[in-house]
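Analysis of the macromolecular model
Here's the letter readout for the chains.
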Amino acid sequence: MYEVILTRIFSAIMTYHFVFIVASVAILGLGLGAMDIYKKVKEFPQTDGQQIWDIGIRSVVFLGFTLPLLTLFFYKLPFQPLNFFVYIALAVLPFVLGGRFLSCSFSVLSKYSYLLYFGDLVGAGLAAFGVVTLLNTVNLIRLTVYLGEAILLISLLLNLAIIKKRSRRQMLAALGGVALLAVLAVSPLPEVLARDFSAYRGIPKMIGLLKLNGEQPVVEYSSWDAFARTDVVATKDPNEKLVLIDGGAAAPMVRFDGNLAGVQQLKKEAGYLAFVPEKPRRVLVIGSGGGIDILLARLGGSEDITAVEINPGSVAAARKFSDYNGNIYDLPEVRTFIQNGRTFIDTTSEQFDVIYLSKVMTQAAEGTGYALSENYIYTREAIRSYLNHLTPDGRLAFVLHGPDDLSKALATVIAVLKESGVADEEIARQVLIAGTPGEHHDQEVSYPLLLVKKAPFAPDELAAITARLSEAQLQLEQLLHYGKIGKTAATVVTDDRPFFYNVDNTIPFELYILLALVLHLGWRWLKHATGGTVKNKKSLLLYFGALGVGFMLLEIALVQKFVLILGHPTLAFTVVAATLLIGGGLGSLLGQVAAVQRVLMRRRWLPAFLVAVLAILTGVAVPWIFSTGAALATSKTILTVFTLFPLSVTLGLPFPTGLRSLREEGREDFVPLAWGINGWFSVIGSIIAMMVAITAGFRMVLFAGAIIYALLAYRCRRGLLGL
């Protein structure tokens, strides 16, 4: 749960690349904490476990105090670029404490490893469900107060139930913490503290850019939910405000009193050309943001506008400022849907004269960081769906950020047109590019409009567009070539590789740095914990490391696969992660049954083999299952749970089987080290998953995870792991 809270805070002040780095290094703390306990176990070889339990309980007490204090610190520290290193150093602390406690628990109670793993996974799964509801109803500071209170209560109960020689200091600290946080939990103080997000006093993202450009931005409205932080920011221009999603993805909100005569200046926007010369009867706006695109459609003469916006905060913000924007979302001509634009177009049967998308980019980072930062509205499959939902003379319009975006969008559009049978020489008659000219003659247009017509543009249409270009001082580019525009070679974007904003079409340098950092930190900590004797730990490193990498590959690939099916990244992450975790917990509980345990101890290769087989079957079956599934999101959610359940149950078996094997072989002292290795390689797995996805696609990520489990089963079958 705290991982999601950290992601929510950091995504409002840093780009998702850096959010992913901070979150990954923080989660590495689980492994580092477990390795630290291995060193402690070696120091108490002849004990009954009480010293180890004492360390674990102490870690829980510190964790209860740490969560609300760190959250408040991150919330109030004015952002500067160098804060990035402070965030990494501090964000890792709660996870180190959590790793220490989990490792202590499994070390002392290794014979109950299946039962403990059941509790761990089910608790995490329930938290994945609960955190979305809580983030939509409770501010972040109050939520971490609740979380700290719960953790301190747990430490108090554990002190009373397990520790024989109780530490008076620990008991008093836990009791004092419970009392203090209980008072805070029912007081208005968390609301008072949450009103001022002091991180914005620095130079984060769009706020920072405005300040560097001489603006004095004023945040007039803010809201947090499970998807993003939404702000309404006033600038020097009294006729326009900005709606920010997670501190970026700025969408203009224009002053509008209901009279279109007062917003005629918007006709100079390149996007207005989508509505010239004919008055389109039905318009679909995807990513309607602050409402300016709805105004463009109204200026174009449309009286039937469907506005689709994925972020509920943007619509709520626009309605909060209804007096300023003319109640744009609730005009008689407008129907509003809070939904993923791709899901809407894939499920509607309506036809539109214009489908309009303007600079759609949420920049919202999810729990899986990098994976969910990309969306599916610019892919080949999406564009095919848009064209299929146009009337015979309809138009598809994209307003893009610059030439790099244009390059990818254009290449993808051309690929779809070719697939539909349009000859090369005809493509130029169906595609136009326009925008504001650069300062120099040889510069590309800025904020280009890519306008695609289902049929060739007629001469009178071109004449009207040319006239409007002249009036608005815009520039029209003829489509003389389509292999390369701007800085980078054009690459077709697909649902399997939806990285539209990956400009260079290569693995970002940050991922290489992060992978090297995680490998270095984990290796150094491992050598420190083992006293440099790593060679005789190769079987542990291979078995539990492979489980960490394999699990993350499967989880990230499945979350991405179900984003399209369930229609929202937050819902996909919640349902998939919770199903895998709770199902895994039930699988682990099944392993506690004596008969099942005997089978697993005789055939230790079997759990990994079952995971490999079911992962491949799931990857193959999901498209077929959901092509016949009901369209309602609720039924798709239930179908998702049932589809993933067999795989999730088997995922809960290999890890506790490995821990049980260590106990059977008299190597219980290696349990904390196994936890540490698994946590370390889980972070490595999330990084590798993104590298594979960028280069080969998410389908390959899923099959790579299955292959890792298959190889692990093979080596266990051959007895090469010592387990």
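Model, not experiment: these values are computed from the prediction.

A separate point is the overall build of the protein. Each helix and strand in the protein was counted, giving 27 helices and 12 strands. Contacts in the protein between residues at least 24 apart in sequence constitute 77% of all its contacts with a sequence separation of at least 6. Of the roughly 28,800 Å² that the protein leaves accessible, carbon and sulfur atoms contribute 62%.

Take the packing of aromatic side chains next. Scanning all chains against the criterion turns up 26 aromatic pairs. Measuring from centroid to centroid gives 5.9 Å for tryptophan 605 and phenylalanine 609, while their planes differ by 70°, and the two rings are edge-to-face. The class for tryptophan 605 is partly exposed, based on a relative accessible area of 21%. Following the ring pairs from residue to residue traces out a cluster consisting of Phe10, Phe73, Phe74, Phe79 and Tyr87. We note lysine 241 situated over the ring of tyrosine 324; from NZ or CZ to the ring centre the distance is 4.7 Å. When the ring centre of tyrosine 447 is taken as origin, the NZ or CZ atom of lysine 359, which lies over that ring, is 4.4 Å away.

Below, the discussion takes up the environment of lysine 453. Checked against the element boundaries, lysine 453 lands in strand 11 (residues 446-453). Lysine 453 gets classed as buried once you look at its relative accessible area, which sits at 1%. Between the C-alpha atoms of lysine 453 and leucine 396, which are 57 residues apart in sequence, the distance is 6.3 Å. Residues in contact with lysine 453, not counting those within four places in the same chain, are Asp393, Gly394, Arg395, Gln430 and Glu461. Polar side-chain contacts of lysine 453 include one of 2.5 Å to the side chain of aspartate 393.

Omega for the bond connecting valine 276 with proline 277 falls within 30 degrees of zero, at 0°, which places this linkage in the cis form. Of note, proline 277 is situated in the loop between strand 4 (248-254) and strand 5 (282-286). At aspartate 246, a position not held by glycine, the phi torsion is positive, near 50°. With respect to the helices and strands, aspartate 246 occurs in the loop between strand 3 (240-245) and strand 4. Assessed through its relative accessible area of 0%, aspartate 246 is described here as buried. In this structure, lysine 359 is a non-glycine residue whose phi angle is positive, near 50°. Here lysine 359 lies in the loop between strand 8 (352-358) and helix 14 (370-373).

Our focus in this paragraph is helix 1 (residues 2-11). By the criterion of burial, helix 1 is predominantly enclosed, with nine of the 10 residues buried. Looking at helix 1, one finds that the buried residues are Tyr2, Val4, Ile5, Leu6, Thr7, Arg8, Ile9, Phe10 and Ser11.

Grouped together as the largest cluster of nonpolar side chains are 132 residues, with contacts concentrated most on Phe10 and Phe544. In terms of residue count, the dominant contributor to this core is helix 20 (residues 538-566) (18 residues). Non-local contacts of phenylalanine 10, meaning those with residues more than four positions away in its chain, are made with Val19, Val22, Phe74, Tyr87 and Ala91.

Right, let's get into a nonpolar patch on the surface. Residues Tyr112, Leu115, Leu586, Leu589 and Phe645 make up a contiguous nonpolar surface patch of about 400 Å² in total accessible area. In this structure, leucine 115 sits in helix 5 (residues 113-137). Since its relative accessible area comes to 40%, leucine 115 is described here as partly exposed.

Moving on, we come to helix 10 (residues 292-299). Most of helix 10 is tucked away: eight of the eight residues are buried. Inspection of helix 10 places Ile292, Asp293, Ile294, Leu295, Leu296, Ala297, Arg298 and Leu299 among the buried residues, and these make up the whole buried set. Buried-residue contacts for helix 10 involve strand 4, strand 5, strand 6 (304-309), strand 7 (334-338) and strand 8. Two residues or fewer after helix 10 comes glycine 301, characterised by a positive phi angle close to 100°.

Glancing now at the pattern of salt bridges. Between side chains of opposite charge, a pair can form when the charged atoms approach closely. Scanning all chains against the criterion turns up 21 salt bridges. With its nearest N and O atoms 3.0 Å apart, the salt bridge here joins arginine 319 to aspartate 330. Taken together, the positions of arginine 319 in helix 11 (residues 312-320) and aspartate 330 in the loop between helix 12 (322-325) and strand 7 put the pair 11 residues apart, joining distant regions of the chain. Overall, aspartate 330 belongs to the partly exposed group, its relative accessible area being 39%.

Attention shifts here to the packing of helix 26 (residues 671-696) against helix 27 (residues 698-717). One can describe the packing of helix 26 onto helix 27 by two numbers: an axis separation of 7 Å at closest approach and a directional angle of 135°. When the axis of helix 26 is compared with that of helix 27, the two are oblique. Crossing of helix 26 over helix 27 shows right-handed handedness. Packed against helix 26, whose contacting residues are Ala689, Met690, Val692, Ala693 and Ala696, the element helix 27 presents Phe698, Met700 and Val701 at the interface. Residue composition of the contact of helix 26 with helix 27, grouped by class: eight nonpolar, no polar and no charged.

In this section: the packing of helix 1 against helix 3 (residues 50-76). Closest axis-to-axis distance for the helix 1/helix 3 pair is 10 Å, and the angle between their directions is 10°. Classified by the interaxial angle, the pair formed by helix 1 and helix 3 is roughly parallel. For the pair helix 1 and helix 3, contact is made by Tyr2, Leu6, Ile9 and Phe10 and by Leu67, Leu70, Thr71 and Phe74, respectively. Considered class by class, the residues forming the contact of helix 1 with helix 3 number seven nonpolar, one polar and no charged.

Cut-offs and rules
- Within any chain, residue numbers begin from 1 and follow the written order of that chain's sequence.
- Local features in this predicted model are restricted to residues of pLDDT 70 or higher, and side-chain atom pairs are both shown and tallied only at a pLDDT of 80 or more, whereas totals for entire chains, interfaces and linings draw on every residue.
- To obtain the side-chain values, all non-hydrogen atoms of the structure were included, while hydrogens and water were left out.
- Each helix corresponds to a stretch of at least 4 residues labelled H or I by DSSP, and each strand to a stretch of at least 2 residues labelled E; elements are numbered beginning at the N terminus.
- Any two residues having at least one pair of non-hydrogen atoms within 4.5 Å are treated as being in contact.
- Note on areas: Shrake-Rupley with a 1.4 Å probe; residue coverage comes only from the protein chains shown.
- Any two rings among Phe, Tyr and Trp, with Trp reduced to its six-membered ring, count as a pair given centres within 6.5 Å; such a pair is stacked if its planes are under 30 degrees apart, edge-to-face if over 60, and tilted if neither.
- Under the scheme applied here, a residue whose accessible area is under 20% of the maximum for its type counts as buried, over 50% as exposed, and between as partly exposed, the area being computed with a 1.4 Å probe on protein chains only.
- Here, over-ring charges are defined by two tests on the NZ atom of lysine or the CZ atom of arginine: distance to the ring centre within 6 Å, and angle to the ring normal within 35 degrees.
- Two N or O atoms form a polar contact when they lie within 3.5 Å of each other; inside protein one atom must be a possible hydrogen donor and the other a possible acceptor, and for residues adjacent in sequence the pair counts only when both atoms belong to side chains.
- We define a nonpolar core as any set of buried Ala, Val, Leu, Ile, Met, Phe, Trp, Tyr and Cys residues linked to one another through side-chain atoms lying within 4.5 Å.
- Residues enter a patch when their relative accessible area is above 30% and they make no salt bridge; the linking distance is 9 Å between like charges and 5 Å between nonpolar side chains (Val, Leu, Ile, Met, Phe, Trp, Tyr).
- Counted as salt bridges are all cases of a side-chain nitrogen of Lys or Arg within 4 Å of a carboxyl oxygen of Asp or Glu.
- For helices, the fitted axis covers only the stretch in contact; all axes are lines through C-alpha atoms, and the angles between them, taken along N-to-C directions, range from 0 to 180 degrees.
- Angles below 35 degrees are treated as roughly parallel, those above 145 as roughly antiparallel, those between 65 and 115 as roughly perpendicular, and all remaining angles as oblique.
- By convention the crossing between two helices is left-handed if the near helix lies anticlockwise of the far one by an angle smaller than a right angle, and right-handed if it lies clockwise.
- In the scheme used here, Gly and all other residues not listed as nonpolar or charged are polar, with Ala, Val, Leu, Ile, Met, Phe, Trp, Tyr, Cys and Pro taken as nonpolar and Asp, Glu, Lys and Arg as charged.

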